[in-house]
Amino acid sequence: ENSLTSYDNVVWHTNRGSLNATEQEKIKTFLDAGGHIFISGGDILYTNYYYTNISATQPTLAVDTILSPYLKVQYKKYIASTLTFVGDTSFEGTGSSLNNFGSIQNNFGFSDVATILSGGINAGYFCSNSENAAVTVTGTYRSIFLGVALDGYSENDDGTTTTVMTQTARQEIINNALDFLNTTTQRGGTFTTPTTCDSSQETNDDSGNDEENTDAT
């Protein structure tokens, strides 16, 4: 399917990777036509930042057709540790602990912290630092950006797997995203916000962490 415009709602999951120029143009056309989209994935913003500011080897990943103008997000930093996503507003009642690494480090490695631009509304945060993880936009189109991969498992060196996010947590996040896109009552979820956050959940900014994401092509 070359066009998204035959759909009312689209769920677009990048896994651990970004959106290239062709994909962004396709999404832009869809949003210009009044479409509704939920975009989720780890490293979306970081990959764009990396190829814009650090490496010129992948110019198609340095394009920002929709991230700032439409999704109202910019890269701030990434988190590279086990952490907790807590939903708010459109994601109220949802969330998940995120075990980002199996023993194959970089498998589903990073989650994006976003700077919210004018027109965007915070819809979730990381427990470790209370910084933005999810952003909604309403107007002639509706969009949700979530800087977290919704993967279930991460592969380990010995062939076993590590649970990244439970099926229940993932389904509740998707359900509430669809409720937002459909402008229906939010279903909420079973997630309970932790009373305290683990101080060992360290955040990393871009200094000293400018490794290329080879999975983003």
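In case you missed it, the structure is sitting above this.
## Some points on the packing of aromatic side chains
By the definition in use, this model includes nine aromatic pairs. Relative to Y78, the ring of Y46 has its centre 4.8 Å away and its plane inclined at 80°; by these criteria the two rings are edge-to-face. Here Y46 is found in helix α2 (residues 44–53), whereas its partner Y78 is found in strand β3 (residues 73–79), with 32 residues between them in sequence. Comparing Y46 with Y78, the two get one shared label, buried. Counting every residue linked through ring pairs, the aromatic cluster contains Y46, Y49, Y50, Y51, Y75 and Y78. Above the face of the F180 ring, R142 is positioned so that its terminal group lies 4.2 Å from the ring centre.

## Overview of the pattern of salt bridges
Under the defined criterion, the tally for this structure stands at four salt bridges. Among the ionic pairs, K76 bridges to E131, the shortest N-O distance being 2.5 Å. Of this pair, K76 sits in strand β3 while E131 sits in the loop between β7 (121–126) and β8 (132–138); the two residues are 55 residues apart in sequence, bridging distant segments of the chain. Given a relative accessible area of 39%, K76 falls into the partly exposed group. E131 gets classed as buried once you look at its relative accessible area, which sits at 14%. With its nearest N and O atoms 3.0 Å apart, the salt bridge here joins D179 to R187. Taking the relative accessible area as the measure of exposure, D179 reaches 5% and is therefore buried. Take R187: its relative accessible area is 52%, and that puts it in the exposed class.

What counts and what doesn't
Residues numbered from 1 in each chain as written. Predicted model: local features only at pLDDT ≥ 70, side-chain atom pairs only at ≥ 80, totals over all residues. Heavy atoms only, no water. Phe/Tyr/Trp six-rings, centres within 6.5 Å; stacked < 30°, edge-to-face > 60°. Helix = DSSP H or I, 4+ residues; strand = E, 2+ residues; numbered from the N terminus. Buried < 20%, exposed > 50% of the residue type's maximum accessible area, 1.4 Å probe, protein only. Lys NZ or Arg CZ within 6 Å of the ring centre and 35° of its normal. Salt bridge = Lys/Arg side-chain N within 4 Å of Asp/Glu carboxyl O.

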